[in-house]
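Structural characterization, general
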Amino acid sequence: MIKKKIACLLTATIVGVLGQYYIQNNKTAIEEKNQTTQTNQTNKSNKMIHPIENQKSVGEDLDSKIRFINYPNYSQYSPNLPNNGEMYCGPAVGANIVGFLDSIGLNVLNSPIDKFNSTKLIKNLGEKMKTDKDTGTKSLFNLIEGLHIYFDERDYIANFDYKRLNENGKYEANDLITFDWIKQNSVGKKNIILSINYSKNNNIKLDNQEELNEDNVRYHCINIVTVNKSNNNNNNNNCELIIRDPASNINNQYKKITLTKNENNILYISGLNKGKYKNIYVKAAFSVDISKKSNYLIAQNNK
């Protein structure tokens, strides 16, 4: 009788183990199948929406790939924004930064839903940046102030590095936008916003009042996602960037642009649609990096 009970117990144990093994293997097989399907769908999706066919074109390093995958492309246009978002490029590029930082693990969105409700986020930032529905965000200072307020409300310190041309159309030594500065500030959780001008003039003379005439110039803001390192080896006059443009009508589309430096250190842009304008150039830029207030205070106390 005892032998029979032991035999039954062993049989039950073996069946249980085999059953568990089957369930686990079956679960693993299903997960692998789902993962393969998801990967194929992602690759197919990327092929459709990204003009950059191969991610290697942004460089082999992990940082570039992380930025390439996680950087959102929120459109400034929405019927739920004032004037359909026509003048909301500033809040939209700010929202791109917020969405990217949240994607890499920083808790800077009110809720996960906000990542998919970009209009709500852009509207929130527009209010903080004092964006006008007809004239847009008055200056990069307003854009910086809006981001500062937004991050401050979420217990983050935002550090900005602002670069601009002076009123004589020249860069001061400390304000020079160099390719090295761009590379150093478009990695990790650092981000750069470029303020660009579309000009109707053939020769850009920024000390000329005509260049500042609003009839001749259109202002716009774009995000730098990463530097295209594979195409920037030992080139001091050109730098290729992967960007997000909130005015793009194609969802999730990355764009490549090339910055070309002239003798006055003005950076001309090729790769964007000029439309009726003859030149596009960088007027100003700023980088932003954030850190938790508690970590910042600890670092300050340890100095």
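This report concerns the structure included in the present document. (Residues numbered from 1 in each chain as written. Predicted model: local features only at pLDDT ≥ 70, side-chain atom pairs only at ≥ 80, totals over all residues. Heavy atoms only, no water.)

1. Some words on the overall build of the protein chain
- Of the regular secondary structure elements, the protein chain holds 8 helices and 7 strands.
- Buried positions account for 41% of the 303 residues belonging to the protein chain.
- Partitioning the contacts of the protein chain with sequence separation of at least 6, the portion at a separation of at least 24 is 64%.
- For the protein chain, the exposed surface amounts to about 17100 Å²; the carbon and sulfur share of it is 50%. (Helix = DSSP H or I, 4+ residues; strand = E, 2+ residues; numbered from the N terminus. Buried < 20%, exposed > 50% of the residue type's maximum accessible area, 1.4 Å probe, protein only. Contact = heavy atoms within 4.5 Å. Areas by Shrake-Rupley, 256 points an atom, 1.4 Å probe, with all protein chains shown as cover.)

2. Looking at the side chain of D102
- Mapped onto the elements, D102 comes out in helix 3 (residues 89–103).
- From its side chain, D102 meets the backbone nitrogen of L109 in a polar contact 3.3 Å long. (Polar contact = N/O pair within 3.5 Å; in protein donor to acceptor, adjacent residues only side chain to side chain.)

3. As for the state of the cysteines
- Counted under the stated rule, the structure contains 0 disulfides.
- There is no disulfide at C89, and the cysteine sulfur nearest it, in C221, is 4.5 Å away. (Disulfide = S-S within 2.5 Å.)

4. So, the nonpolar core
- Ranked by size, the top nonpolar core spans 37 residues in total, and within it L143, F151 and I290 carry the most contacts.
- Contributing elements (two or more residues each) for this core: helix 3, helix 4 (118–128), helix 5 (140–153), strand 1 (156–164), strand 3 (217–227) and strand 7 (279–292).
- Broken down by element, the residue count for this core peaks at 8 residues, all from helix 3.
- Residues contacting F151, with those up to four places away along its chain left out, are I97, V98, L101, V108, Y156, A158 and I290.
- Among the nonpolar cores identified, the runner-up in size contains 23 residues, and I196, Y198, V227 and I257 belong to it. (Core = buried A, V, L, I, M, F, W, Y, C linked by side-chain atoms within 4.5 Å.)

5. Focus on the environment of I97
- As for its position among the elements, I97 is in helix 3.
- For the pair I97 and Y74, spaced 23 residues apart in sequence, the C-alpha separation works out to 10.0 Å.
- With residues up to four places along the chain from it excluded, the contact list for I97 reads Y71, F151, N191, I193, N223 and V288.

6. A look at the packing of aromatic side chains
- Taken as a whole and judged by the stated rule, the model has 6 aromatic pairs.
- An angle of 65° between the planes, with centres 5.8 Å apart, marks the rings of F160 and F286 as edge-to-face. Of this pair, F160 sits in strand 1 while F286 sits in strand 7, placing them 126 residues apart in sequence.
- The exposure class assigned to F286 is buried, which follows from its relative accessible area of 0%.
- When the ring of Y198 is compared with that of Y277, the centres are 5.8 Å apart and the planes differ by 65°; the resulting orientation is edge-to-face. Of this pair, Y198 sits in strand 2 (residues 191–199) while Y277 is found in the loop between strand 6 (267–270) and strand 7, placing the two residues 79 residues apart along the sequence.
- Looking at R154, its charged tip hangs above the ring of Y150, at a distance of 3.6 Å from the centre.
- Residue placement shows R218 over the ring face of Y198; its charged tip is 4.0 Å from the ring centre. (Phe/Tyr/Trp six-rings, centres within 6.5 Å; stacked < 30°, edge-to-face > 60°. Lys NZ or Arg CZ within 6 Å of the ring centre and 35° of its normal.)

Function-wise, these values are silent; they only describe arrangement.
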